[in-house]
Amino acid sequence: TLFFLGDPGRLFQLHFAMSLYEMMATRLAQRRLLRVPKRYRWTTFGSVAVLLLFLASSTLHRIGLDNTFASSSVGLRTLPRRPVVVGLQSGSLVLGTPDPTTHVGATLALAAAVGVGFLGHLVSSAFALRATKLSRRAVTDRSDGLAGQQRVQRESGNERRIAVAATQVDEVQLVTDVSPDDGPSGTYQVGIDFQGWLQSCREELDVSNLRVEGSLPPWLRGSLIHAGPAKFEFGDDEFVDWVDGQAMLYRVQILPDGSCTYRNRWLDTWNHRSHREAGKIAVRETCSRPTISNFFARLQAMFSPPNNENGNLHISQVCGNTRCISMSVGSSMLEFRLADLSTLGKMPFADELTEGGPLIFHAEPHVDPVTGEWFTCAIQLKVDLDNFRMKPEYVVYSVEPTESQQPGAEVKRRLITRIETEYPSPVHTIGLTPQFIVMIQIPYPLNWDGMMKAEGKWLMTGQYEGNLNDYNTWQPERPTIIHLIDRVTGEHTEVFETDPFFFFHIINSFEATEGSSKVVNVDVVCYNEPPVGFPLQQARSGDVDDWRGGGGEVKRLRLDRSTGKCTMTGWPDNCFDEPKINPKVDGVQHRYSYGVIDDHGMLRVTKQDHETHEVLKWKEQDVSRELPWQPVFVPEPYSTQEDAGVILSFVRDQPTGDTFCLVINAETFEEMARIHFPKGHHLPLHGHGAWMQGQF
């Protein structure tokens, strides 16, 4: 460390090199290199030291990385916003211009330090791993015969797809004879079959004349589109997080004559083609890394920018609701045709919005129901070369409805504002009022150390164990910040602070005048802390017996623009999320919202009355087997009544694995119809959807 202080500008490289060093020492200890003969042992140690020297000196010290990053020992882990000077000031380590004459001495000293330190760490790692192995035993393989599950059998190196028959009741018992309404509150658990739900989809279908139970409203004509991760493995490789599953589009159409069709199709992306052709994970995804056996090939891949083609979460329309796009957490905007779900590719942009770096962690798009303007925000990790530091920014932008409606044509995004921040946190949804964009910044910043360690382990071992939860760190000592941004001018008008909370979804936001005060109200589904998530492989194995579902509490944030204060009122114990409202009241005061609740471990579709706090449940649901998800509100045309419309939701029948589209009267909350998908067709856990009225 002293030699690095003598050669300023290497602190970030030192941190990264030490992470690699730790991974290599642990890996070598795992392979018991301490037991090799003495004449090879020291050769190995020396080679490793030279390799680390090569990495530290030749790769990480190259021009372009030298003067990019800064570290701070003051306060929380952030990338500081302070000028760069030479030396030490106020207890902080800061960068300066490297002196080439000190490079050789520092490099030789680093090699000696690494050689000695590596040996000591290797010995301690070996003893620690030995003790761990003594207490660890192999876990027996779980049975993978669940209802509706599809498996891939490999025979002579070839894949053969087979469908597994419905599981017998005595093998998978998800329910008891007790109704959740009759059981003791908080003690009864129905259970969710994640092992069956998270199996890959194996087929593309195009089916007409679906079986319909009940009757459909005569005005309900159009297309319901969902996107979702649907392919979780290639060859022997599995993705480490649900968001990495390859994207599939699902479309249910209700045609003018009332007949119904179903079609599903893979989003044809460069990522998916690369994985499929290689028969393994071949390119970088949001959380998963490619399978590469060669160390130097992994090193090269580490510095190759990802292509970001896997839009598996958000469906929306841009350019006046004429062009369909699918997006995800780390994906570009991918355009597809509604008529046949064919993929057009990345939407081309005629602007310089990404000149400073790619946009990541996009918020769910929000379309103004009156103007048709399309809004979102994202994080951009820019590099400030003038001050030698990272400069993360929120980028808030829109696509105006007057942009080209021609499929595949270039689109110009309108930059609304940039908000610089030292601790960027993902924003899942934004709020919209006639005047403002509401953006909530929670104390859940990107976890630089966690990402570095995961990357370092992958580089040294070829195994990547990070998932989306590891990319962020919960820091409740920070406040939650609410930004009000003028939609037209981009002016950052007000900033409010409140107690820390976690959230995924804003239900609605609206402006009000209360006496002499101008107020913005924001209804949010709040959590006290980030919900517990399971790694994908664990969930797919069925090892989630202690999962209790979960949801947040609906809270109303009252932002008083006159006083600058934020107050919060709650609606406790409603365990609610995935909210939707009638888009006709988007941005104005509403009364009802619709979503799913955790009802003693089983998901229920509900209607929430925000005035009386009454909750209506889909009463025709067979809670012993039927699992709804991601409802969509479809308003009745020409009606001004807020709850005039229907709720659509894909429902999984757990024992068989079949799926149907549920249609509920939004006013009475009574079931109207079920549109059944083909029997035996598996539809995995999916993302958000959108209804396109009168479009086919």
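Cut-off values and rules
- Residues numbered from 1 in each chain as written.
- Predicted model: local features only at pLDDT ≥ 70, side-chain atom pairs only at ≥ 80, totals over all residues.
- Heavy atoms only, no water.
- Helix = DSSP H or I, 4+ residues; strand = E, 2+ residues; numbered from the N terminus.
- Buried < 20%, exposed > 50% of the residue type's maximum accessible area, 1.4 Å probe, protein only.
- Contact = heavy atoms within 4.5 Å.
- Areas by Shrake-Rupley, 256 points an atom, 1.4 Å probe, with all protein chains shown as cover.
- Salt bridge = Lys/Arg side-chain N within 4 Å of Asp/Glu carboxyl O.
- Polar contact = N/O pair within 3.5 Å; in protein donor to acceptor, adjacent residues only side chain to side chain.
- Arc of directions from axis to C-beta.
- Pairing = 2+ DSSP bridges.
- Axes fitted to C-alpha atoms, helices over the stretch in contact; angles between N-to-C directions.

### Observations concerning the overall build of the chain
Reasoning step 1: Secondary structure summary: the chain contains nine helices and 36 strands in total.
Reasoning step 2: Here the chain holds 696 residues, and 54% of them are scored as buried.
Reasoning step 3: By sequence separation, contacts in the chain at least 24 residues apart represent 65% of the contacts at least 6 residues apart.
Reasoning step 4: Total accessible area on the chain is roughly 30400 Å²; 52% of this is exposed by carbon and sulfur atoms.

### Thoughts on the pattern of salt bridges
Reasoning step 1: Enumeration over the complete set of coordinates arrives at 29 salt bridges.
Reasoning step 2: The partner of Glu-670 in a salt bridge is Lys-619, and the shortest N-O contact between them spans 3.9 Å. Residue Glu-670 is found in the loop between strand 34 (658–665) and strand 35 (671–676), and its partner Lys-619 is found in the loop between strand 31 (615–617) and strand 32 (626–635); the two are separated by 51 residues along the sequence.
Reasoning step 3: The salt bridge partner of Glu-626 is Arg-674, with a shortest N-O separation of 3.0 Å. Separated by 48 residues along the polypeptide, Glu-626 in strand 32 and Arg-674 in strand 35 bring together distant segments of the chain.
Reasoning step 4: Overall, Arg-674 belongs to the buried group, its relative accessible area being 13%.
Reasoning step 5: Residues participating in the shared-partner salt-bridge network are Arg-202, Lys-231, Glu-233, Glu-238 and Arg-540.

### Here we look at the environment of Arg-289
Reasoning step 1: Structurally, Arg-289 can be placed in the loop between helix 6 (270–278) and helix 7 (295–302).
Reasoning step 2: Through-space distance from the C-alpha of Arg-289 to that of Met-302 is 9.2 Å; in sequence the pair is 13 residues apart.
Reasoning step 3: Here the side chain of Arg-289 touches Glu-455 through a polar contact of 2.7 Å, side chain to side chain.
Reasoning step 4: Only 3.5 Å separates the side chain of Arg-289 from the side chain of Tyr-464, close enough to count as a polar contact.

### Comments concerning helix 7
Along an α-helix, residues three or four positions apart point the same way, because every turn accommodates 3.6 residues.
Reasoning step 1: Buried within helix 7 we find Phe-295, Arg-298, Leu-299, Ala-301 and Met-302. Along the long axis of helix 7, the arc covered by the buried residues comes to 165°, so they all point the same way.
Reasoning step 2: At the N-terminal end of helix 7, a side-chain oxygen is found 2.9 Å from the backbone nitrogen of Phe-296, two or three residues along, and the residue is Asn-294.

### Focus on the pairing of strand 12 (residues 314–318)
Reasoning step 1: When you tally the buried positions in strand 12, you get five out of five residues, the bulk of the element.
Reasoning step 2: Burial of the side chains of strand 12 extends over both faces: His-314, Ser-316 and Val-318 are buried on one face and Ile-315 and Gln-317 on the other.
Reasoning step 3: For strand 12 and strand 13 (residues 323–327), the ladder comprises five bridges, and the chain directions are antiparallel. Paired with His-314 across the strands is Met-327, a residue of strand 13.
Reasoning step 4: If you look at the hairpin formed by strand 12 and strand 13, you'll find four residues sitting between the two strands, and Cys-319 has a positive phi there, around 60°.

### Focus on the sheet that holds strand 13
Reasoning step 1: The sheet built from four strands is open, its strands ordered 12-13-14-15 with antiparallel pairing. This sheet does not close on itself; its edge strands, each paired only once, are strand 12 and strand 15 (343–346). Each adjacent strand pair in this sheet contributes to an overall mean axis angle of 30°, direction not counted.

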